[in-house]
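# A look at the structure
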There are 2 protein chains.
Amino acid sequence: MKLALDGMGGDNAPKSVVEGALLALEQIPNLEIQLYGQQEKLDPYLKMHDRLTVIHCEEVVEGTDDPARAVRRKKDSSMARMMDAVEEGKADACLSAGNTGALMAGGLFKVGRIEGIARPALATTLPTLDGKGFLMLDLGANADARPEHLLQYAIMGDIYAKKVGGLQKPRIGLLNIGTEDKKGNDLTKAAFALLKEADLNFIGNVEARDLLDGVADVVVTDGFTGNMVLKSIEGTAGALFTMLKEAFMSSTKTKISAMLMKNNLRDLKNKMDYTEYGGAGLFGLQAPVIKAHGSSNAKAIFSAIRQANTMVEHTVISTITDTVRHLEID
Amino acid sequence: MKLALDGMGGDNAPKSVVEGALLALEQIPNLEIQLYGQQEKLDPYLKMHDRLTVIHCEEVVEGTDDPARAVRRKKDSSMARMMDAVEEGKADACLSAGNTGALMAGGLFKVGRIEGIARPALATTLPTLDGKGFLMLDLGANADARPEHLLQYAIMGDIYAKKVGGLQKPRIGLLNIGTEDKKGNDLTKAAFALLKEADLNFIGNVEARDLLDGVADVVVTDGFTGNMVLKSIEGTAGALFTMLKEAFMSSTKTKISAMLMKNNLRDLKNKMDYTEYGGAGLFGLQAPVIKAHGSSNAKAIFSAIRQANTMVEHTVISTITDTVRHLEID
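Just so it is clear, the model here is predicted, and its values are computed rather than measured. (Residues numbered from 1 in each chain as written. Chains lettered and ligands numbered in written order. Predicted model: local features only at pLDDT ≥ 70, side-chain atom pairs only at ≥ 80, totals over all residues. Heavy atoms only, no water.)

Before going further, it helps to examine the confidence of the model for chain A. With 99% of its residues at a pLDDT of 70 or more, chain A shows a mean pLDDT of 93. Across the interface, the model reports ipTM at 0.88; the global pTM reads 0.91. (pLDDT = per-residue confidence, 0-100.)

Pasting the structure below:
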């Protein structure tokens, strides 16, 4: 599989991107990487590899660039060029840890929607207590959604969970404010009816408070709510870790306690770190467009590359395309 | 101030309700409590007090009762009777730790909306790292909301934060998926415009991930989103405490660590416990209708009673009524 990689995206680019790429080339036999970026910035971290090609680009899409315009205006940026490679059929998938909005806008514009998919959705795997994780979408690609969009999110999530997660019958849950069938707002009530009729293992409404317990394998929601819930989980975990750190540093006694717990606390933090599960995918495009977390280290980049690779190897996109086409005929 | 109290509501009723009531009578000089419930169940915990009246009721609204019907059908329930007392002017406020939906439905039906308030909202104070907390509404009284409802929530929250929280210029934030002015879904974009024009200290959009840092004093959102965020915070905190407990119990070394941290961990858990800040209020009704957390202990009931008392003493309801009337004339 051929991956186009944005060498300049993310807080730790290009170092962690290059290191992650080299790690992936070592671990994944059939992977070929086209690395886009400013040659002089990439050089210090590069090692020769027969499945690695470096393509120099002059420009870089910054985190502060206007998402809607960045990729169109910065034609010779690493992000634009990696998407050109997909558009021109030179790469099977692309990946960036840079500006999320620019990647989404560029993905729509250059890679393009699958015919029949009304709205692409941003999807990621979030951690659960049992370490298996669950896929949630949409996380904010579209702030507003209609019931039929949520159905399409569910279909795409189902295929991903089967093909990439290896699940036979992924449990599809609708994120809602109560587990009872009749609960919700106008959107979720209508989406519930559609999901119930669909050829999916729909387990009904799931509540935000049960997500980390692994109540479903795929959780479907509109982008506004998904983004809210994602950031609430992040914010709460962050605040608790801050409070915990303060508590551990508050006296000699607690500092000894911290020393004794050091490894366990690191494990706990890793368990909540969803970058371990790979990046976020913009589902519904004609090729995998993967967004690695902005703060990705080499390992997180590697996870995201592996995820892109699995999506290509397991024909996620063509399965979505066929499924949606089939639905239209019916 | 005269409080009508549901003696039978909540997981620890009637014990913790009676104990909380007795504690409140001790601490709040002008408080009179009318305690509604099954006399024989209340008796074991009761002590004589000259400002406490006990009114026997035959029925109890259960947590499993249909919210819309419970109060209408169970006419002689402690919850229905305490709201009758408010409706008939015998009490200034009412409080229950029982069925939230039934309390909301009954509140609308018996206590009634303030004229000009389109939708009452469920509001509660959530914890922040600095211990000050912030008020969030709506937490789920209405799953769907229009922009003008969000404006009314902001006005009510502002008055509450001034009168009860003692703030001069409460910072009003709109919960959104980004801090930039143009961010959001159709609802928040329209609400932003209304809030900007209003006579409020509107600080703009706030993100879910910054809530526990105390980014605003009053956070306004639709009931669906508010409920989601509330439950995400609860669920994440719960999952992390579970993981932390497991980590502390995993070996002899970590058990020693846990012993050394015991008091600090309890403090941390208390800090995240929003029942310490009082109950949830159904704002927009003609009298304070307070919902204490279902798992309330005596201290949480006491906090909620103190909150109801402050709302009455500081004329929150009449200020909301006057403010809304004034807006209608403009």
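Residues and elements named next belong to chain A. Tallied over the full model, the rule gives zero disulfides over all chains. Lacking any disulfide linkage, Cys94 is separated from the closest cysteine sulfur, that of Cys57, by 13 Å. The class for Cys94 is buried, based on a relative accessible area of 0%. (Disulfide = S-S within 2.5 Å. Buried < 20%, exposed > 50% of the residue type's maximum accessible area, 1.4 Å probe, protein only.)

Under the counting rule described, the total for this entry stands at 28 salt bridges over all chains. The salt bridge involving Lys231(B) is made with Glu207(A); its shortest N-O contact spans 2.4 Å. Taken together, the positions of Lys231(B) in helix H8 (residues 223–248) and Glu207(A) in strand E8 (residues 202–207) put the pair across two chains. Residue Lys231(B) shares its accessibility class with Glu207(A), and that shared class is buried. When the shortest N-O distance is used, the salt bridge between Asp84(B) and Lys110(B) registers 2.6 Å. Taken together, the residues span a long stretch of sequence, with Asp84(B) in helix H4 (residues 78–87) and Lys110(B) in helix H5 (residues 100–111) at a distance of 26 residues. With relative accessibility at 14%, the residue Asp84(B) sits in the buried group. What makes Lys110(B) buried here is its relative accessible area of 13%. Via salt bridges that share partners, Glu207(A), Arg209(A), Lys231(B) and Glu234(B) belong to a single interconnected network. (Salt bridge = Lys/Arg side-chain N within 4 Å of Asp/Glu carboxyl O. Helix = DSSP H or I, 4+ residues; strand = E, 2+ residues; numbered from the N terminus.)

Below, the discussion takes up the sheet that holds E8(A). Residue and element names in this part refer to chain A. Judged by pairing direction, the sheet is mixed, and its eleven strands sit side by side in the order E3-E2-E1-E4-E11-E10-E5-E6-E9-E7-E8 without closing on themselves. In the strand order of this sheet, the two ends are held by strand E3 (52–56) and E8, each with one partner. Strand-to-strand twist of the sheet, defined as the mean angle between neighbouring strand axes without regard to direction, takes the value 25°. Two strands pair when backbone bridges link them, and strand E7 (residues 172–176) and E8 are joined in this way by five bridges, in the parallel orientation. Among the inter-strand pairings, Ile172 is bridged to a residue of E8, identified as Phe202. (Pairing = 2+ DSSP bridges. Axes fitted to C-alpha atoms, helices over the stretch in contact; angles between N-to-C directions.)

As a further point, take the domain arrangement of chain A. Residue and element names in this part refer to chain A. Assigned domains within chain A: domain 1 (1–117 + 284–329) and domain 2 (124–276). The gap between the C-alpha centroids of domain 1 and domain 2 is 25 Å. With 19 residues of domain 1 at the contact, the number on the domain 2 side is 13 residues. Buried surface at the junction of domain 1 and domain 2, summed over both partners, amounts to about 1,300 Å²; 69% is from carbon and sulfur atoms. Applying the counting criterion to the domain 1 and domain 2 interface returns zero salt bridges. Applying the counting rule to domain 1 against domain 2 returns four residue pairs in polar contact (both at pLDDT 80 or more). Those elements giving two or more residues to the side of domain 1 that touches domain 2 turn out to be helix H10 (298–313) and helix H11 (316–329). Among the residues making up the side of domain 1 that touches domain 2, the classes are represented as eight nonpolar, ten polar and one charged. (Domains from an automatic or database assignment. Contact = heavy atoms within 4.5 Å. Buried area = accessible area lost by both parts, 1.4 Å probe. Polar contact = N/O pair within 3.5 Å; in protein donor to acceptor, adjacent residues only side chain to side chain. Nonpolar A, V, L, I, M, F, W, Y, C, P; charged D, E, K, R; others polar.)

Turning to the interface of chain A and chain B, a few remarks are in order. Counting residues at the interface gives 46 residues for chain A and 46 residues for chain B. Our enumeration of links across chain A and chain B arrives at four salt bridges. One salt bridge in this structure joins Arg209(A) and Glu234(B), with 3.1 Å as the shortest N-O distance. Our count for the chain A to chain B interface comes out at eleven residue pairs in polar contact (both at pLDDT 80 or more). At the level of elements, E7, helix H7 (186–197), helix H8 (223–248) and helix H9 (252–271) of chain A are the ones that each hand at least two residues to the side of chain A that touches chain B. The element best represented in the side of chain A that touches chain B is H8(A), accounting for 20 residues.

Right, let's get into the environment of Gly226(B). Residue and element names in this part refer to chain B. Its place among the elements puts Gly226 in helix H8. Accessibility expressed as a relative area gives 0% for Gly226, which makes it buried. Here the alpha-carbon distance between Gly226 and Ala123, two residues 103 residues apart in the chain, equals 9.4 Å. Setting aside its immediate chain neighbours within four residues, Gly226 contacts Met136, Asp138, Leu139 and Thr221.

Turning next to empty space enclosed by the protein. Tallying each qualifying case throughout the model produces four cavities of 30 Å³ or more. In terms of lining, the largest cavity is formed by Ala237(A), Leu240(A), Phe241(A), Leu244(A), Leu268(A), Leu240(B), Phe241(B), Leu244(B) and Leu268(B). Where the lining of the largest cavity is concerned, the elements lending two or more residues are H8 of chain A together with H8 of chain B. Element by element, the count of residues in the lining of the largest cavity is highest for H8(A), at four residues. Of the residues in the lining of the largest cavity, the class split is nine nonpolar, no polar and no charged. (1 Å grid on protein atoms, 1.4 Å probe; cavity = no way out; pocket = protein on both sides within 12 Å on 5 of 7 lines; lining within 4 Å. Points joined across faces, edges and corners; volume = space filled by probe spheres on them.)

On to the pairing of strand E1 (residues 2–6) of chain A. All names here are of chain A. The element E1 is extensively covered by neighbouring structure, given that four of its five residues are classed as buried. Here five bridges tie E1 to strand E2 (residues 32–37), and the two strands are oriented parallel to one another. Of the residues in E2, the one forming a bridge with Lys2 is Glu32. For the handedness criterion, the β-α-β arrangement of E1, helix H1 (residues 15–27) and E2 is classed as right-handed. With three bridges joining them, E1 and strand E4 (residues 93–96) adopt parallel strand pairing. In the sheet register, Leu5 faces E4, and the bridge partner there is Leu95. (Right-handed = clockwise from strand over helix to strand, strands pointing away.)

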